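Per-entry structural report
Each chain, written out:
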There are 2 protein chains.
Amino acid sequence: MITTSEDVAKHAGVSRATVSQILNGRGQRFAEATRDRVNQAARELGYEPSSAGRTLARGSSDFVIALIPHTTFGPTLQDFFSRMTDELATHGLTLVLRLSTPSAASLGRVIASMKPAAVFSLTRFTDEERALIGSRGVLGLDPDSTGDTDYNHAIGLLQGRTLIAHGHRRLAFAHLADARQDPFGADRELGLRDACLEAGLPEPESIGLDVTPDDAARALDELSGTGIAVACYNDDVATALLSAATRRGWRVPEDLALIGMDHTTLGRLTLPPLTTLDFDLETAAEAAIERILTTTGHADATQHPQRHAALRVVPGGSI
Amino acid sequence: MITTSEDVAKHAGVSRATVSQILNGRGQRFAEATRDRVNQAARELGYEPSSAGRTLARGSSDFVIALIPHTTFGPTLQDFFSRMTDELATHGLTLVLRLSTPSAASLGRVIASMKPAAVFSLTRFTDEERALIGSRGVLGLDPDSTGDTDYNHAIGLLQGRTLIAHGHRRLAFAHLADARQDPFGADRELGLRDACLEAGLPEPESIGLDVTPDDAARALDELSGTGIAVACYNDDVATALLSAATRRGWRVPEDLALIGMDHTTLGRLTLPPLTTLDFDLETAAEAAIERILTTTGHADATQHPQRHAALRVVPGGSI
DNA sequence: CTGAAAGCGCTTACAG
DNA sequence: CTGAAAGCGCTTACAG
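Looking at an unreviewed UniProt entry, one finds chain A named LacI family DNA-binding transcriptional regulator, with Agromyces allii as its source organism.

This is the structure:
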């Protein structure tokens, strides 16, 4: 019922060793006729190598684990990972997603049992995670280890620079109050802080809120009055603040300026529409995929030039 | 560096066979002292069995693959799968997430190589997927196969009944125009249709839209005038329609009634706030987890009574 | 250019 | 009550 390399070998009239070599791209030294027969046989029989067998023999599997942050997994991230799944698959790597849990213990178990080729994360590993990954001798890829652009810092920076370019002088960062939902908040606030620094402005204020009318109103009270420009964790946060501000008669952007992040569809529905940032996911995914392929030895480092993920300001009426 | 069952065996002064039996819960027949020594040794050495070795020996792995629909993966679904991950882990099963792709081919490859204990999906398998899963002899769990409540039908039904109970007589269903984002739409519309049927009302109208101001406005034009009550695919759709209606001076709910789904935080921010449905995820997750455990033989069928997932109407001002 | 053999880490009859 | 042995499906030196 299930086709093994043995079946393929018989069908092609060669040994399992030969089948293995050829199917894994190490078949240059074989006669072309042999290669054809083997490939042919594999195709005819619908052969799919057993991951378990291969993992046991090789010591590590073809799985790549992507840790997904406990944040809204919208179309943007979906597309990112869809793309990554497909692209890695063409190189024989299987991407599986794992929700990142507060405790790293379960990650440890998964790594030990799967022996993945790599563990990838869009966000920085926690110290615990890093230790775990290292101790198992697994390749860990996070923004730090890959030397990739730190997108989150760049996001805060761009939000800040954009606000400042529009003449704003008193800035604030608005987090999501629920820390689990705010995985990128700290880095983004640092970016905003640096924008203030380079412009000689005072440090930004910092608030946190739940995306509810009441809590957004409460958060507004935490600001030191009107005339502040707020860089928001995402468009939802910006929408909540916009709604609360409107409700109390503050004009946006005169009394409160807001810049969001994510360029969500709902952010287009507010009045005024949000000014926000758009993340060029395509480029970011490209870079991440290439990192994985080269570090796992599945592609040449020089094959594709390294590109930079582009952040773009989406004009609106809120700053 | 990596601890094997051999290491544990030596450490405990027994054979690998014994270690295997005891660590897999088939150790009743061993002397208590032996069991203790083995468990102790495993703990001391931080032993994590190799999934590959076990899979090879057993023929199937401890992985459970959850197919995640190409839809917004918000906090609701996140919590659902987090819970499932943890719960299955305590029974030795490892949940991995796969984005469901349009083509089932990649699923086929993953199944063949991982030999999962089960493939789980919140949405009905496509025929292609079902065939694939069956041909590999893998356990497939979707709403059909488990005989679980068809949540989506129930959602449309409840939306319809709620609207009708409020005196609405002309109903419509609003899909997301992008079919990939609308995986549950068809079933929900059927539920709405049945609500109309049982009340002796004409069939609901059907529209589809993107969540943008312009497209929502266009969608309103598709309705046969004012005085219609729309059951929306989700709160985002309802928000878009609400925004477009307000813009053109329609009163909600007098000229256009709207009921959403998901009870999102942003849906609380509209004026009027949306009437919507809340899904008792806890119960649903419970049921799904139990299904997986019993069908894979990891728990007794009678251990927990089967509960029903509860849908709840969240009052608002939009119907 | 190709194959026989050993081994990866586990489990499962089977024998004692 | 416990262990020796075979086998799961693959890959990798090594020999020819």
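Quick word on the overall build of chain A
A tally of regular secondary structure across chain A gives 13 helices and 10 strands. Across its three principal directions, the C-alpha atoms of chain A cover 80 × 35 × 35 Å. Counting over 319 residues, chain A shows a buried share of 51%. Considering only intrachain contacts with a sequence separation of at least 6, the fraction spanning at least 24 residues in chain A is 69%. Accessible surface, chain A as shown: approximately 13,700 Å² in total, 51% of it carbon and sulfur.

Digging into the protein's contact with DNA strand C
Taken together, 26 residues lie near DNA strand C, and A:Thr34, B:Ser5, B:Arg16, B:Ser20 and B:Tyr47 sit nearest. Backbone atoms, meaning sugar and phosphate, make up 66% of the atoms of DNA strand C lying within 4 Å of the protein. At 3.1 Å, a side-chain N or O of B:Arg54 approaches a phosphate oxygen of DNA strand C. Those elements giving two or more residues to the surface near DNA strand C turn out to be helix H2 (16-23) and helix H4 (51-58) of chain A together with helix H2 (16-23) and helix H4 (51-58) of chain B. Among the elements that line the surface near DNA strand C, the one with the most residues is H4(B), at five residues.

Details of helix H9 (residues 151-165) of chain B
Residues and elements named next belong to chain B. In this model H9 runs 21 Å from its N-terminal to its C-terminal C-alpha over 15 residues, within 8% of the 21 Å that 1.5 Å per residue would give. Every buried residue of H9 is accounted for by Tyr-151, Asn-152, Ile-155, Gly-156, Leu-157, Gln-159, Gly-160, Thr-162, Leu-163 and Ile-164. Following H9 by one or two positions, Gly-167 has its phi on the positive side, about 95°.

With respect to the interface of chain B and chain A
Contacts between the two partners involve 55 residues from chain B, matched on the other side by 54 residues from chain A. Each partner contributes to the roughly 4,500 Å² buried at the junction of chain B and chain A, and carbon and sulfur atoms together form 64% of this total. The three residues of chain B that bury the most area against chain A are B:Leu99, B:Leu266 and B:Leu269, which together make up 14% of that side's buried surface. Taken together, chain B and chain A are joined by zero salt bridges. For the pair chain B and chain A, the number of links is five residue pairs in polar contact (both at pLDDT 80 or more).

Focus on the pairing of strand S2 (residues 94-99) of chain B
Residue and element names in this part refer to chain B. Extensive coverage of S2 is indicated by the burial of six of its six residues. Of the two faces of S2, the one carrying Thr-94, Val-96 and Arg-98 and the one carrying Leu-95, Leu-97 and Leu-99 are both buried. Bridge analysis of strand S1 (residues 63-68) against S2 gives six bridges, and the strand direction is parallel. Pairing of Ile-65 across the sheet is with Val-96, part of S2.

Structural notes on the sheet that holds strand S6 (residues 205-209) of chain B
All names here are of chain B. Spatial strand order, S6-S5-S7-S8: four strands in an open sheet with parallel pairing. Both outer strands of the open sheet, S6 and strand S8 (256-259), are each paired with one neighbouring strand and no more. Each neighbouring strand pair of the sheet contributes to a mean axis angle of 25°, computed without reference to strand direction. Its contacts with the sheet place helix H10 (residues 185-198) against strand S5 (171-176), S6 and strand S7 (228-232), and it is angled at close to 175° to S5.

Digging into the domain arrangement of chain A
By a frequent convention, interface size equals the accessible area lost on bringing the separate parts together. We note that the domain assignment places domain 1 (5-49), domain 2 (59-147) and domain 3 (151-279) within chain A. A C-alpha centroid distance of 32 Å is found between domain 1 of chain A and domain 2 of chain A.

Quick look at the protein's contact with DNA strand D
Among the 26 residues in the neighbourhood of DNA strand D, the closest are listed as A:Ser5, A:Arg16, A:Ser20, A:Tyr47 and B:Thr34. Backbone atoms, meaning sugar and phosphate, form 64% of the atoms of DNA strand D found within 4 Å of the protein. With respect to DNA strand D, the backbone of A:Ser5 contributes an N or O atom lying 2.4 Å from a phosphate oxygen. A distance of 2.8 Å separates a phosphate oxygen of DNA strand D from a polar atom in the side chain of A:Asn24. When residues of the surface near DNA strand D are traced back to their parent elements, those giving at least two are H2 and H4 of chain A together with H2 and H4 of chain B. The element contributing the most residues to the surface near DNA strand D is H4(A), with five residues. Tallied by class, residues from the surface near DNA strand D come to 11 nonpolar, 10 polar and five charged.

Considering the pattern of salt bridges
All names here are of chain A. Counted according to the given criterion, the structure contains 23 salt bridges over all chains. In this structure, Arg-193 and Glu-189 form a salt bridge, with 3.3 Å as the shortest nitrogen-oxygen distance. Placement of the pair is Arg-193 and Glu-189 together in helix H10 (residues 185-198), with a separation of four residues, close to one helical turn. Owing to a relative accessible area of 11%, Glu-189 belongs among the buried residues under this scheme. Salt-bridge contacts for Arg-193 lead to Glu-203; the nearest nitrogen and oxygen are separated by 2.6 Å. Taken together, the residues span a long stretch of sequence, with Arg-193 in helix H10 and Glu-203 in the loop between H10 and strand S6 (205-209) at a distance of 10 residues.

Quick word on the packing of helix H11 (residues 213-222) of chain B against helix H12 (residues 235-247) of chain B
All names here are of chain B. Relative orientation of the contacting elements H11 and H12 amounts to 75°, with a least axis distance of 8 Å. It follows that H11 is roughly perpendicular to H12 by the angle criterion. Together, Pro-213, Ala-216, Ala-217, Ala-219 and Leu-220 of H11 and Ala-240, Leu-241, Ala-244, Ala-245 and Arg-247 of H12 make up the contact between the two elements. Considering only residue class, the contact of H11 with H12 consists of nine nonpolar, no polar and one charged.

How each quantity is defined
Note on numbering: residues in each chain are counted from 1, in written sequence order. Chain labels run from A onward and ligand labels from 1 onward, assigned in the order the entries are written. It should be noted that, the model being predicted, local features are given only for residues of pLDDT at least 70 and side-chain atom pairs only at 80 or more, the latter also being counted only at that level, while totals for whole chains, interfaces and linings use all residues. Side-chain numbers come from the whole structure's heavy atoms, not from hydrogens or water. Each helix corresponds to a stretch of at least 4 residues labelled H or I by DSSP, and each strand to a stretch of at least 2 residues labelled E; elements are numbered beginning at the N terminus. Exposure classes here rest on a 1.4 Å probe applied to the protein chains alone. A residue is buried below 20% of its type maximum, exposed above 50%, and partly exposed in between. By definition, residues are in contact when any of their heavy atoms lie within 4.5 Å. Note on areas: Shrake-Rupley with a 1.4 Å probe; residue coverage comes only from the protein chains shown. We call a residue near a given molecule or strand whenever any one of its heavy atoms falls within 4 Å of it. Within 3.5 Å is the distance limit for a polar contact, defined as a pair of N or O atoms, with the added protein rule that one can donate a hydrogen and the other accept it, and that residues adjacent in sequence qualify only through two side-chain atoms. Here, expected helix span is obtained from the residue count minus one, scaled by 1.5 Å. Once two parts are joined, some of their accessible surface, as seen by a 1.4 Å probe, is lost; buried area is that loss totalled over both. For salt bridges, the criterion is a side-chain nitrogen of Lys or Arg within 4 Å of an Asp or Glu carboxyl oxygen. Any two strands between which DSSP finds at least two bridges are classified as paired. To get an axis, fit a line to the C-alpha atoms, keeping to the stretch in contact for a helix; angles then go from 0 to 180 degrees between the N-to-C directions. Annotation comment: domain bounds sourced from an automatic or database domain assignment. Classification used: nonpolar for Ala, Val, Leu, Ile, Met, Phe, Trp, Tyr, Cys and Pro, charged for Asp, Glu, Lys and Arg, polar for all others including Gly. Each angle gets one of four labels, with under 35 degrees taken as roughly parallel, over 145 as roughly antiparallel, 65 to 115 as roughly perpendicular, and the rest as oblique.

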